[in-house]
Amino acid sequence: MAALGWLTPRRRSATARSVLAGEASAEAARKTAQAEAPPFTEAPDSTPDAPDAARSIAEAEAAEASRAAAEPEFPVPGDDLAAAFFDLDNTVMQGAAIFHFGRGLYKREFFQRRELARFAWQQAWFRLAGVEDPEHMQDARDSALSIVKGHRVSELMSIGEEIYDEYMAERIWPGTRALAQAHLDAGQKVWLVTAAPVETATIIARRLGLTGALGTVAESVDGVYTGRLVGEPLHGPAKAEAVRALAGAEGLDLDRCAAYSDSHNDIPMLSLVGHPYAINPDTKLRKHARAHDWRLRDYRTGRKAVKVGVPAAAGVGAIAGGTAAAIALHRRRR
């Protein structure tokens, strides 16, 4: 599929497009959050109903409570000038939302097997590297835009609910979920901030009981996707612009806010707030966080916290798993 003409450079500062993308995302997030009624106040069951899953959540929450006891009270209860901003991919959820969404669309015959092979490879690469690569993410978004062009927003929202249950719910990191709940329990708003489509991000935020989501805004006319974006993908500096715009509209004090991410691409967003956290950090973010005395949390299992990649054998398994998934889904269609 042809790439859009304004491919995002690997390193850049805020531009007019990133400001536009951030402001559009903030406006969409506020409208959606205000439309939600009643507000979500309880933590939903975002993991499978199994004793092991319950223990995992309990252990993560206990670990967070233990850490909190040794640190100054944070988040501060009743501080309505503070909020929390969470990156999604590999921070709140293992893997990339756009890849899981693509797999779900393939199952519903939105596109052919060759496109699924691309999504499977991208997801395998993401799990192998453990970091976001702008070129891979851009390629995935271009594919998604082409796929959804001409479809109604309401149709994709409905399908997105199903895809969340099928592929995303069991991939939520319990430890990060506990951090988000701590902010909610303190009476603060909690927002996802992601390059994923704002509709997909909003579904995930709703299912997790969060306030709302900042995400990439795809253009639609009369409720139908045009295949174009408003501004650019919400990535890097655009995320910072979205947080800045939302904070201004909500009357927040960014020095009292917190932000959480796994990627060095989100350093602009993390640098905006007074309480930046590196969650499951990539190598560059870990180094930056230590240099600036930011707090770190690592909830990945099966590997040491100091490592970002996975062993070669596991990497081969991830690729094989992606290929097997593609074949299995194809067979179901026959």
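Residues numbered from 1 in each chain as written. Predicted model: local features only at pLDDT ≥ 70, side-chain atom pairs only at ≥ 80, totals over all residues. Heavy atoms only, no water.

1. Quick look at the overall build of the protein chain
Selection rule: Helix numbering and strand numbering both begin at the N terminus, where a helix is a DSSP run of H or I of at least 4 residues and a strand a DSSP run of E of at least 2. Burial classification: accessible surface area is computed with a 1.4 Å probe over protein chains only, and a residue below 20% of its type maximum counts as buried, one above 50% as exposed, and the rest as partly exposed. Working definition of accessibility: Shrake-Rupley area with a 1.4 Å probe, residue cover restricted to the visible protein chains.
Assigned secondary structure in the protein chain consists of 12 helices and 8 strands. When the 334 residues of the protein chain are sorted by exposure, 51% land in the buried category. Summing over all exposed atoms, the protein chain offers an accessible surface of approximately 15,000 Å²; the carbon and sulfur share of this is 53%.

2. Some details on the environment of Tyr 299
By secondary structure assignment, the location of Tyr 299 is in the loop between strand S8 (295-297) and helix H12 (312-333). Separated by 123 residues in the primary sequence, Tyr 299 and Thr 176 have C-alpha atoms spaced 7.7 Å apart.

3. Some words on the sheet that holds strand S6 (residues 258-261)
Just so we agree on the cut-off: Note: two strands are recorded as paired if DSSP finds a minimum of 2 bridges between them. Fitted lines through C-alpha atoms serve as axes, helices being fitted only where they are in contact, and the angles separating the N-to-C directions of these axes extend from 0 to 180 degrees. In what follows, a contact means two residues having at least one pair of non-hydrogen atoms within 4.5 Å.
Sheet architecture is open: 6 strands sit in the order S3-S2-S1-S6-S7-S8, paired in parallel fashion. Two strands close off the open sheet at either side, each with one partner strand: strand S3 (212-216) and S8. Going across the sheet, the axis of each strand differs from the next one's by a mean of 20°, ignoring polarity. Direction of pairing for strand S1 (residues 83-87) relative to S6: parallel, over a ladder of 3 bridges. Looking at the pairing, Ala 84 lines up with Ala 258 of S6. In this fold helix H8 (residues 198-207) packs onto strand S2 (189-197) and S3, with an angle of close to 145° to the strand it touches most, S2.

4. Quick notes on the pairing of S1
Most of S1 is tucked away, with 5 of its 5 residues classed as buried. Side chains of S1 alternate between two faces, with Ala 83, Phe 85 and Asp 87 and Ala 84 and Phe 86 buried alike. Strand direction decides the pairing type here: S1 and S2, joined by 5 bridges, are parallel. Opposite Ala 83, over in S2, you have Lys 189 as the bridge partner.

5. Topic: the confidence of the model for the protein chain
The test is simple: Residue-level confidence of the predictor is summarised by pLDDT, bounded by 0 at the bottom and 100 at the top.
Averaged over every residue, the pLDDT of the protein chain is 74; residues scoring 70 or more account for 63%. This stretch, residues 37-51, has a pLDDT under 50; its non-local contacts, to residues over four places away or in other chains, come to 19 contacts.

6. Points about the packing of aromatic side chains
Remark: the centre distance and the inter-plane angle together describe each pair of aromatic rings, the angle taken between the planes. Convention followed: We call Phe, Tyr and Trp rings a pair once their centres come within 6.5 Å, taking the six-membered ring for Trp, and we label the pair stacked below 30 degrees between planes, edge-to-face above 60, and tilted otherwise.
Across all of its chains, the model carries 3 aromatic pairs by this definition. Plain terms: the ring middles of Phe 86 and Tyr 260 are 4.1 Å apart, the flat faces sit at 5° to each other, and that makes the pair stacked. Of this pair, Phe 86 sits in strand S1 while Tyr 260 is found in strand S6, placing the two residues 174 residues apart along the sequence. When its relative accessible area of 1% is taken as the criterion, Tyr 260 is described as buried. Every member of this aromatic cluster is reached through a ring pair, and the members are Phe 74, Phe 86, Tyr 260 and Tyr 277.

7. Some points on unusual backbone geometry
If you check the backbone angles, Asn 90 has positive phi at about 70° while not being a glycine. Along the polypeptide, Asn 90 turns up in the loop between S1 and helix H3 (97-107). One non-glycine residue, Asp 222, adopts positive backbone phi at about 55°. Relative to the elements of secondary structure, Asp 222 occurs in the loop between strand S4 (218-221) and strand S5 (224-229). According to the relative accessible area criterion, Asp 222 is exposed, its value standing at 69%.

8. A look at the packing of H3 against helix H6 (residues 153-168)
Test applied: Here the word oblique covers every angle except those under 35 degrees (roughly parallel), over 145 (roughly antiparallel) and from 65 to 115 (roughly perpendicular). Any residue outside Ala, Val, Leu, Ile, Met, Phe, Trp, Tyr, Cys, Pro, Asp, Glu, Lys and Arg is labelled polar, Gly included; the first ten of those are nonpolar and the last four are charged.
Remark: H3 packs on H6, axes separated minimally by 9 Å, with the N-to-C direction vectors making an angle of 110°. With respect to H6, the element H3 is oriented roughly perpendicular. On the side of H3, the interface is formed by Ala 97, His 100, Phe 101, Arg 103, Gly 104, Leu 105 and Lys 107, while H6 contributes Leu 156, Ile 159, Gly 160, Ile 163, Glu 166, Tyr 167 and Met 168. Among the residues making up the contact of H3 with H6, the classes are represented as 8 nonpolar, 3 polar and 3 charged.

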